Amino acid sequence: MKVLKFGGTSVGSVKSIESLRHIVEKEAKKQPVIVVVSALGGITDKLIATSKMAETGDEAWRISYEEIVDRHYKMIDTIITDNATREKLFATVDTLLEQLKSILFGVFLVHDLSKKSYDAIVSYGERLSSHIVAALIRGSKRLNSLDFIMTERKDNRQVLDSELTNQLVRSAFTPLQRITVVPGFISRDRHTREITNLGRGGSDYTASIIAAALDAEVLEIWTDVDGFMTADPRVIKTAYTINELSYIEAMELCNFGAKVIYPPTIYPVCVKNIPIKVKNTFNPENPGTVIKQKIKNDHKSIKGISSISGTTLITVAGLSMVGVIGVNQRIFTALTKGGISVFMVSQASSENSTSIGVRDADADQAVAVLNQEFSKEIETGAMFPMHAEGGLATVAIVGENMRHTPGVAGKLFGTLGRSGISVIACAQGASETNISFVINGTYLRKALNVLHDSFFLSEYKVLNLFICGIGTVGGRLIEQIHNQYEELKEHSRLKLNVVGIASSKNAIFDRDGIDLTHYREALKDSAPSDVEALKEKILSMNIFNSVFVDCTASKDVAQLYQTLLEHNINVVAANKIAASSDYQSYTKLKQTALDRGVIYRFETNVGAGLPIIGTINDLRNSGDRILKIEAVLSGTLNYIFNELSAQVPFSETVRLAKENGYSEPDPRIDLSGTDVIRKLVILTREAGYQIEQADVEKHLFIPQQLFEGTVDDFWRQLPSLDADFEARRQQLESEGKRWRFVAEMDKGVAKVSLKAVAKGHPFYNLQGSNNIVMLTTERYKEFPMLIQGYGAGASVTAAGVFANIMSIANI
């Protein structure tokens, strides 16, 4: 035989209750079934709220009561089509509803809601629903749980009398009917005969008690989800159903907030080795989750992640605790007498403090109870007053295979540390099935996501991107990400989730990902934004595995890097301002990234998509030493000197560079060598030398007066240089040489200058706007290493930024 339990959502609507009927009738054709039902969805909460109104003398209790009546009447009218059955059911339901009204009226008159009255009131939800379900399912018989689920009072609370209950269950269900319907949750005190209950969620417990007493084949819990999930799907979009769990794993997950089944449910069936199946009433074909003793071919160290928000950590501390026997006994005895549940304990090995985790609702009472218990010690100074820290959350990672997998705890805390999440307290038992820890509640969503992702519970690894700048480079990058999204998702199991896009004036954000096909329209319709607002929004989102991508040339945006890195946000920059700023700021950024365990990448600062900075880092990390760097780093200047000829004078080549998009709108920025100096400073620093921009020796080829005045003044004066440049060009041509604007570093000494290079030199045949870098190292001394290719252009720069993003994803 089977025991099937249906929760409130399974009997909450016409559609769900009809699904219940189909499931039960199908199962009843195979073997006898016992159906345990909860109250109609939301009714228990409604009964509690109505009783509170009555207690306070609020006349609105009558309206609330009528709503309860109406809810049940409408359900009966809709699902019970046989007139005789309906009339009989209405008679039964009316009697129960009148009893309920009388109790509520009594509470209203005396303005007192005793425990006895409260338990009686909340019992009517299941008593009513079980009659409705029994009437709906033809051939079923209803038994009353008040006749066989017995409790007794112990330590100020009602607990199950297992021995008596088991005897009564066996008697009540003999002989076994084809279909038996039973109300869950409700019970009776064996001594006083008063109505009691098994606690919120107690219908699961009722079903488990009956299944164990009758040695059922299986206990099925029918709810509104497909089973136990790897994490809360409302927080983690990639959470998925766990196919199998051991009893211990299920118990751990339930105790730490997984509300799929009521925690006490597991024990009775576990003792009898009866499997539990968690199934979805709205998706009955889904296999759900099976909970059993032993799981075969189970290789995952972590099965699921669960959490409890609203945690308060109470610390009991004092020097008198060290080596004193019985302190912990006093702590837990006092809390037990106060009816306070503790779900986590953490004690220092020095024994001078013990931290206990309780729910926020119990915190004030727990502090009062413990201060009273240790009042004498607190008065003498031997112990400190209780310290309570609220606003916290408790997270547990659960899996029986943790005991066979070294390094799980290390990976856990390393992952949290790299995400900037501090652990306030932690606990792990010797069974190694659960590692629990307490964190600041504001980091709960981030912690759950990063742990789910880190322990390969997610189907995909997720990288959350904030892209700043939608000009030529930023626009191309977004286009490349959009085009490559499905490929990365399918073949690399990687989801690049663009959660923020900012232009110079507007910004849009979406934690679930922005539609990249219409982002420009969305930006136009968004509210104005600035750099400070951008920073505050990114920090407030507190999103996991996040990367800030700077595709601007803004100094203000570059100044965000330090704050972002300090908050464990990776940074990828096409903007070269930060890496070429003062040396102290540069080293601080690098050190912060190292200390926080995050990444600061700026490969495209030099050579666009060419692997120059990465190669220098690889050489140094492998023990090589960079002795000398010679490079042509300005695509603009290389284009100008390649285009220079007898037919095209110097002033015209500068104009062509601007028209073709190679130069800045003000070409003097390129002609001044400022951009090349910045790039050389970055390479010199990455090569291991300390240098500032002011240390670079400049030999420019344009008179200083052309850099003064307006852009228009510049364009008017520029042709005056044509004759001199042509004469010098002809001289070079006769010597078989060409001009290149070369950046050089020799053992930390740097300079930029216009040089004439002869045929046979690696720089001689450099075409168009290409860049070239020649590295002389301890290992590459006789034959320097050459890196050459496109050094400018939106597509290749965007591709280089994309590659930096991927390097973070692959860590």
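Up top is the structure these notes are about.
Below: a short report on this structure. Bear in mind that the values here come from a model prediction, so they are computed numbers and not experimental data. Residue positions are counted from 1 within each chain, in the order its sequence is given. Under the rules for a predicted model, residues below a pLDDT of 70 receive no local features and side-chain atom pairs below 80 are neither given nor counted, while totals for whole chains, interfaces and linings still include all residues. Think of the side-chain values as coming from all heavy atoms in the structure, minus any hydrogens and water.

## Some remarks on the overall build of the chain
Phase 1 of the analysis: Along the backbone of the chain there are 28 helices and 30 strands.
Phase 2 of the analysis: The C-alpha atoms of the chain give 37 Å as radius of gyration, which overshoots the globular expectation for 811 residues (28 Å, by more than 25%).
Phase 3 of the analysis: Expressed along its principal axes, the backbone C-alpha trace of the chain runs to roughly 115 × 70 × 55 Å.
Phase 4 of the analysis: Residue burial in the chain is summarised as follows: out of 811 residues, 53% are buried. Helix and strand assignments come from DSSP, with helices taken as H or I runs of at least 4 residues and strands as E runs of at least 2, each series counted from the N terminus. C-alpha atoms define the radius of gyration, and 2.2 Å times the number of residues to the power 0.38 defines the globule rule. Working definition: with a 1.4 Å probe on protein chains only, accessible area under 20% of the residue-type maximum means buried, over 50% means exposed, and in between means partly exposed.

## Here we look at the packing of helix H2 (residues 43-55) against helix H3 (residues 60-79)
Phase 1 of the analysis: Where H2 contacts H3, the axes come no closer than 8 Å and their chain directions differ by 155°. Taken together, the axis directions place H2 and H3 in an arrangement best described as roughly antiparallel. Remark: the crossing between H2 and H3 carries left-handed chirality. Residues Ile 43, Lys 46, Leu 47, Thr 50, Met 53 and Ala 54 of H2 pack against Ala 60, Trp 61, Ser 64, Tyr 65, Glu 67, Ile 68, Arg 71 and His 72 of H3.
Phase 2 of the analysis: Under the scheme applied here, ten amino acids are nonpolar (Ala, Val, Leu, Ile, Met, Phe, Trp, Tyr, Cys and Pro), four are charged (Asp, Glu, Lys and Arg), and all others, including Gly, are polar. Taken together, the residues of the contact of H2 with H3 break down into eight nonpolar, three polar and three charged. Think of each axis as a best-fit line through the C-alpha atoms, taken over the contacting stretch in the case of a helix, with angles from 0 to 180 degrees between the N-to-C directions. Should an angle fall under 35 degrees it is taken as roughly parallel, and over 145 as roughly antiparallel, whereas 65 to 115 is taken as roughly perpendicular and any remaining angle as oblique. Handedness of a crossing follows from how the near helix is turned relative to the far one, being left-handed for an anticlockwise turn of less than a right angle and right-handed for a clockwise one. Whether two residues are in contact is decided by their heavy atoms: any pair within 4.5 Å suffices.

## Digging into unusual backbone geometry
Phase 1 of the analysis: Each neighbour pair has its own omega, and for Thr 174 with Pro 175 the value is 0°, a cis peptide bond.
Phase 2 of the analysis: As for its position among the elements, Pro 175 is in the loop between helix H6 (162-172) and strand E6 (179-183).
Phase 3 of the analysis: Notably, Asn 568 is not glycine yet its phi reads approximately 60°, a positive angle.
Phase 4 of the analysis: For Asn 568, the location among the structural elements is in the loop between helix H19 (561-566) and strand E23 (570-573).
Phase 5 of the analysis: The class of Asn 568 is buried, set by a relative accessible area of 4%.

## A few points about the packing of aromatic side chains
Phase 1 of the analysis: Here is the rule: rings of Phe, Tyr and Trp (six-membered ring for Trp) pair when centre to centre is within 6.5 Å. Planes less than 30 degrees apart are stacked, more than 60 are edge-to-face, and the remainder are tilted. This structure, assessed with the given rule, holds 20 aromatic pairs.
Phase 2 of the analysis: Consider the rings of Phe 105 and Phe 108, whose centres lie 6.4 Å apart with planes at 25°: the pair is stacked. Here Phe 105 pairs with Phe 108, and both are found in helix H4 (residues 83-110), just three residues apart, close to one helical turn.
Phase 3 of the analysis: Relative accessible area serves as the criterion here: at 12%, Phe 108 is assigned to the buried category.
Phase 4 of the analysis: Considering the side-chain rings of Phe 466 and Phe 509, the 6.4 Å spacing of their centres and the 55° angle between planes classify their relative orientation as tilted. Pair noted here: Phe 466 is in strand E19 (residues 461-468) and Phe 509 is in strand E21 (residues 507-509), with a separation of 43 residues, a long-range link.

## With respect to the state of the cysteines
Phase 1 of the analysis: Note on terminology: disulfide denotes any pair of cysteine sulfur atoms within 2.5 Å. The full count for this structure, using the stated rule, is zero disulfides.
Phase 2 of the analysis: The thiol of Cys 468 is not disulfide-bonded; the next cysteine sulfur, from Cys 551, is found 8.3 Å away.

## Points about the pairing of strand E29 (residues 770-777)
Phase 1 of the analysis: Across the eight residues of E29, eight count as buried, placing the element largely inside the fold.
Phase 2 of the analysis: Alternating positions in E29 separate into two faces, Asn 770, Ile 772, Met 774 and Thr 776 on one and Asn 771, Val 773, Leu 775 and Thr 777 on the other, with burial throughout.
Phase 3 of the analysis: Bridge analysis of E29 against strand E30 (residues 785-790) gives six bridges, and the strand direction is antiparallel. Looking at the pairing, Ile 772 lines up with Gln 788 of E30. Here a strand pair is declared whenever DSSP counts at least two bridges between the two strands.

## Describing the sheet that holds strand E14 (residues 344-347)
Phase 1 of the analysis: Strand order in the open sheet formed by six strands is E14-E15-E13-E16-E18-E17, with antiparallel pairing between adjacent strands. Looking at which strands have only one partner, the edges of the open sheet turn out to be E14 and strand E17 (425-428). The average undirected angle you get between the axes of adjacent strands in this sheet is 30°.
Phase 2 of the analysis: Examined bridge by bridge, E14 and strand E15 (residues 353-359) share four bridges and lie antiparallel to one another.

## A word on the packing of helix H21 (residues 612-621) against helix H25 (residues 674-686)
Phase 1 of the analysis: Running from N to C, H21 and H25 cross one another at 20°; their axes reach a closest spacing of 9 Å. For the element pair H21 / H25, the angle class is roughly parallel. Like other packed secondary-structure pairs, H21 and H25 cross with a definite hand, here right-handed. Within the contact between the two elements, H21 uses Ile 612, Ile 613, Ile 616, Asn 617 and Arg 620 and H25 uses Ile 682, Leu 683, Arg 685 and Glu 686.
Phase 2 of the analysis: For the contact of H21 with H25, the residue count by class is five nonpolar, one polar and three charged.

## Notes on the pattern of salt bridges
Phase 1 of the analysis: The term salt bridge refers to a pairing of a side-chain nitrogen on Lys or Arg with a carboxyl oxygen on Asp or Glu at a separation within 4 Å. The final tally for this structure, using the stated rule, is 35 salt bridges.
Phase 2 of the analysis: Measuring nitrogen to oxygen at the nearest pair gives 3.3 Å for the salt bridge that ties Lys 74 to Asp 70. With Lys 74 and Asp 70 both in helix H3 and four residues apart, the pair spans about one turn of that helix.
Phase 3 of the analysis: Among the residues examined, Lys 74 registers a relative accessible area of 52% and is labelled exposed.
Phase 4 of the analysis: On the basis of relative accessibility, which here comes to 36%, the residue Asp 70 falls in the partly exposed class.

## Quick word on the nonpolar core
Phase 1 of the analysis: Ranked by internal contacts, the top residues of the largest apolar core, which has 103 residues, are Phe 548 and Phe 650.
Phase 2 of the analysis: Here the element with the most residues in this core is H25; it accounts for six residues.
Phase 3 of the analysis: Not counting the four nearest positions on each side in its chain, Phe 650 is found in contact with Ile 640, Phe 641, Leu 644, Leu 671, Phe 701, Ile 702, Leu 718, Leu 721, Asp 722 and Phe 725.
Phase 4 of the analysis: The next biggest cluster of nonpolar side chains, apart from the first, holds 48 residues, and it includes Phe 148, Ala 216, Leu 245 and Ala 425. Residues belong to one nonpolar core when they are buried, are Ala, Val, Leu, Ile, Met, Phe, Trp, Tyr or Cys, and are joined through side-chain atoms within 4.5 Å.

## A few points about the side chain of Thr 281
Phase 1 of the analysis: Its place among the elements puts Thr 281 in the loop between strand E11 (276-280) and strand E12 (289-292).
Phase 2 of the analysis: Under the relative-accessibility criterion, Thr 281 is labelled buried at 0%.
Phase 3 of the analysis: Discounting residues that sit within four places of it in the chain, Thr 281 has contacts with Phe 6, Ser 10, Ser 16, Ser 19, Leu 20, Ile 23, Trp 222 and Thr 223.

## So, the sheet that holds strand E7 (residues 186-189)
Phase 1 of the analysis: In space, the four strands of this open sheet follow the order E5-E4-E7-E8, with mixed pairing throughout. Two strands in the sheet have a free side with no partner beyond their single neighbour: strand E5 (157-160) and strand E8 (195-197). Taking each pair of neighbouring strands and ignoring which way they run, the sheet shows an average axis angle of 50°.
Phase 2 of the analysis: Contacting E7 and E8, helix H5 (residues 115-136) runs over the sheet at an angle of about 70° to E8.

## Re helix H22 (residues 635-643)
Phase 1 of the analysis: With seven of nine residues buried, H22 is to be regarded as a mostly interior element.
Phase 2 of the analysis: Of the positions making up H22, those classed as buried are Gly 635, Thr 636, Leu 637, Asn 638, Tyr 639, Ile 640 and Phe 641.

Keep in mind that these numbers describe shape and distance, not what the molecule does.
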